[in-house]
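Read off the chains here:
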Amino acid sequence: MTTLEIKNLHVLIEDKKILKGFNLTVKTGEIHAIMGPNGTGKSTLAAAIMGHPSVEITEGEIWFDGMNVLELEVDERARAGLFLAVQYPSEIPGVTNAEFLRASINARRDEGDKISIRDFIEKLDNKMAILDMPEEMAERYLNEGFSGGEKKRNEILQLLMIEPKFAILDEIDSGLDIDALQVVSKGINEMRGDDFGSIIITHYQRLLNFVIPDFVHIVMDGRIVKSGDASLAKQLEKEGYKGIADDLGLNVAMEE
Ligand code: ADP
Ligand code: MG
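Residues numbered from 1 in each chain as written. Chains lettered and ligands numbered in written order. Predicted model: local features only at pLDDT ≥ 70, side-chain atom pairs only at ≥ 80, totals over all residues. Heavy atoms only, no water.

(A) Representation of the nonpolar core. Among the nonpolar cores identified, the biggest contains 36 residues, and Leu124, Leu169 and Ile188 are the most heavily contacted of them. Of all the secondary structure elements, the ones that give two or more residues to this core are β6 (82–85), α3 (97–107), α4 (117–130), α5 (148–162), β9 (166–170) and α6 (178–191). Beyond its immediate stretch of four places on either side in the chain, isoleucine 188 contacts Ile31, Ile156, Leu169, Ile172, Ile200 and Val211. Core analysis: the next-biggest nonpolar cluster, separate from the first, contains 26 residues, Val11, Ala47, Met50 and Leu82 among them. (Core = buried A, V, L, I, M, F, W, Y, C linked by side-chain atoms within 4.5 Å. Buried < 20%, exposed > 50% of the residue type's maximum accessible area, 1.4 Å probe, protein only. Helix = DSSP H or I, 4+ residues; strand = E, 2+ residues; numbered from the N terminus. Contact = heavy atoms within 4.5 Å.)

(B) Fine view of unusual backbone geometry. For aspartate 15, which is not glycine, the phi dihedral falls at a positive 70°. Topologically, aspartate 15 is positioned in the loop between β1 (3–13) and β2 (16–27). Here aspartate 15 falls in the exposed class, since its relative accessible area comes to 69%. The phi angle at aspartate 221 is positive, at roughly 50°, despite the residue not being glycine. Judged by relative accessible area, which is 34%, aspartate 221 ranks as partly exposed.

(C) Looking closely at the coordination of the magnesium ion (ligand 2). At 2.1 to 2.3 Å from the magnesium ion (ligand 2) lie its protein donor atoms, namely Ser43 (OG) and Gln87 (OE1). Residue serine 43 is located in helix α1 (residues 42–50), and its partner glutamine 87 is located in the loop between β6 and β7 (92–96); the two are separated by 44 residues in the primary sequence. Accessibility expressed as a relative area gives 31% for serine 43, which makes it partly exposed. Exposure remark for glutamine 87: the relative accessible area of 17% places this residue in the buried category. (Donors = N, O, S within 2.8 Å, 3.2 Å for Na, K, Ca; no water.)

(D) Representation of the site of ligand 1. Lining the immediate surroundings of ligand 1 are Ile13, Glu14, Lys16, Ile18, Pro37, Asn38, Gly39, Thr40, Gly41, Lys42, Ser43 and Thr44. One of the backbone N or O atoms of glycine 39 is found 2.7 Å from an oxygen atom in ligand 1. One of the backbone nitrogen or oxygen atoms of serine 43 is found 2.9 Å away from an oxygen atom of ligand 1. In the complex, the protein chains occlude 64% of the 560 Å² of accessible area that ligand 1 would expose alone. At the level of elements, β2 and α1 are the ones that each hand at least two residues to the shell around ligand 1. Broken down by element, the residue count for the shell around ligand 1 peaks at three residues, all from α1. (Near = heavy atom within 4 Å. Polar contact = N/O pair within 3.5 Å; in protein donor to acceptor, adjacent residues only side chain to side chain. Areas by Shrake-Rupley, 256 points an atom, 1.4 Å probe, with all protein chains shown as cover.)

(E) Region of interest: the packing of aromatic side chains. One pass over the structure, following the stated rule, counts one aromatic pair. Between phenylalanine 64 and phenylalanine 166, the aromatic rings sit 6.0 Å apart at their centres with planes inclined by 75°, giving edge-to-face as the arrangement. Taken together, the residues span a long stretch of sequence, with phenylalanine 64 in strand β4 (residues 55–64) and phenylalanine 166 in strand β9 at a distance of 102 residues. Judged by its relative accessible area of 1%, phenylalanine 64 is buried. (Phe/Tyr/Trp six-rings, centres within 6.5 Å; stacked < 30°, edge-to-face > 60°.)

(F) Local environment of the environment of alanine 48. Mapped onto the secondary structure, alanine 48 falls in helix α1. Non-local contacts of alanine 48, meaning those with residues more than four positions away in its chain, are made with Leu9, Val11, Val55, Ile57, Ile62, Leu70 and Arg77.

Any link to function would need more than the numbers given here.
In structure tokens form, the structure reads like this:
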């Protein structure tokens, strides 16, 4: 079993306090949903775990598989088995999707253990079929001209190809119609198992009808204010973030 442990994390972005004492422990075999109003620090958490240069960590620790994550370079974090599906995937003209995937897989493997072209193609065909992706998408430049839904599907293709130990999926459901949402959910459920852990960041409950989380955490103002099981997401859908904040006696500004 592998554990990702976030302890008392405090993060600044451009000198503004965003995370204010964030605590969370996730084990492989578990799926945790992180929900919260916009602007509350969810993407900042993902950026801090993956080592994005825009975040400044002023206090706290992140441990993964016995390693002090904050001392690892970004590529070392990926090689350790951490994966991030970003909220806004970048377009990389000049690099095809297939080239990118093969390089990503091989970057995590030792010399002498690189994936063969044949195994790669077989795996790619297999995973693209699961996600209902047309074959030609493999040869298109990475995310270039992809629709919002295609980009999200492509993030899940990366997840299935790279098979990380641990994935943070940031608003993987945003902008998806119901068919795409089901395909994306199928992909995530495909990864589910004892050797995989995930933090699913989402604003809405809808994805969690298809990917049932083991735990749900509500984040407001840079920290977890309430945790529960999947039923907490349903409660949230009924009451809204404002209702939950009122229940907890919190007075937080909300953009929603
Ligand atoms: P969420 O993902 O919960 O919607 P974010 O983590 O993206 O929230 O943002 C938290 C806060 O940090 C917001 O107030 C946002 O405006 C601010 N922020 C995020 N990224 C930047 C940035 N690059 N520069 C300045 N402020 C930022
Ligand atoms: Mg966000």
